[in-house]
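Architecture and fold: a report
Chain by chain, the residues run as shown.
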Amino acid sequence: MTYIVTDACVKCKFMDCVEVCPVDCFYEGENFLVIHPDECIDCGVCEPECPVDAIKPDTEDDPSGKWLKVNTEFAKIWPNITRKGEPPEDADTWRDETGKFEKHFSPKPGKGT
């Protein structure tokens, strides 16, 4: 098992999860974070830290494995992030929107740290 970042993170990217990860397995996109599944040690400390409930065990992924694929693919090309940065100024306005990945996801890398 591994943990995955899902739709709720898009355009929110609060990064509280990054602060508690003991193995630095988060990678940063322009408006989304992912977890590298081969680096995650399944400790679960990141899950309760996410204020928008975007982190889930991969056992809760949709039947197609969409989120595991997204996390795997982008963790290979985005920079590693090891410190909490500033979330987008408008992050709170996106908290309750659903279907954000299809509407707002950016494949561009973030800055990393």
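Please refer to the structure placed before this passage.
Below, the structure is looked at part by part. (Residues numbered from 1 in each chain as written. Predicted model: local features only at pLDDT ≥ 70, side-chain atom pairs only at ≥ 80, totals over all residues. Heavy atoms only, no water.)

1. Re the nonpolar core
Nonpolar side chains in soluble globular proteins tend to end up buried together. By size, the foremost hydrophobic cluster in this structure holds 35 residues, and its most contacted members are Val5, Phe26, Phe32, Leu33, Ile35 and Ile55. With 4 residues, the single largest contributor to this core is helix H2 (residues 66–75). When neighbours within four sequence positions are excluded, Ile35 is seen to be in contact with Thr2, Tyr3, Ile4, Val5, Cys25, Phe26, Cys40, Cys46, Ile55, Asn71 and Ala75. (Core = buried A, V, L, I, M, F, W, Y, C linked by side-chain atoms within 4.5 Å. Buried < 20%, exposed > 50% of the residue type's maximum accessible area, 1.4 Å probe, protein only. Helix = DSSP H or I, 4+ residues; strand = E, 2+ residues; numbered from the N terminus. Contact = heavy atoms within 4.5 Å.)

2. Comments concerning H2
Since one α-helical turn is 3.6 residues long, residues separated by three or four positions face the same way. Turning to H2, its buried residues number three or more, namely Trp67, Val70, Asn71, Phe74 and Ala75. Each buried residue of H2 sits inside an arc of 115° when the element is viewed along its axis, so together they form one side. Buried positions along H2 lie against strand S1 (3–5), strand S2 (26–28), strand S3 (33–35) and helix H4 (100–104). (Arc of directions from axis to C-beta.)

3. What about the side chain of Asp61?
Within the secondary structure, Asp61 sits in the loop between strand S4 (55–57) and H2. Among the polar contacts made by the side chain of Asp61, one reaches the main-chain amide nitrogen of Trp67 at a distance of 3.2 Å. Not counting residues within four places of it along the chain, the set of residues in contact with Asp61 comprises Ile4, Lys66, Trp67 and Leu68. (Polar contact = N/O pair within 3.5 Å; in protein donor to acceptor, adjacent residues only side chain to side chain.)

4. Section: the side chain of Lys56
In this fold, Lys56 is placed in strand S4. For Lys56, a relative accessible area of 19% gives the class buried. Reaching out from Lys56, the side chain makes a polar contact with the side chain of Asp53 at a distance of 2.8 Å. Beyond its immediate sequence surroundings of up to four residues, Lys56 is in contact with Thr2, Tyr3, Ile4, Thr6 and Glu47.

5. Quick look at unusual backbone geometry
Outside of glycine, negative phi angles account for most residues, and trans bonds account for most peptide bonds. The residue Lys11 is not glycine, and still its phi comes out positive at about 65°. Tracing the backbone through its elements, the reader meets Lys11 in the loop between S1 and helix H1 (16–20). Judged by relative accessible area, which is 22%, Lys11 ranks as partly exposed. Positive phi outside glycine occurs at Met15, with the angle close to 70°. On the secondary structure map, Met15 appears in the loop between S1 and H1.

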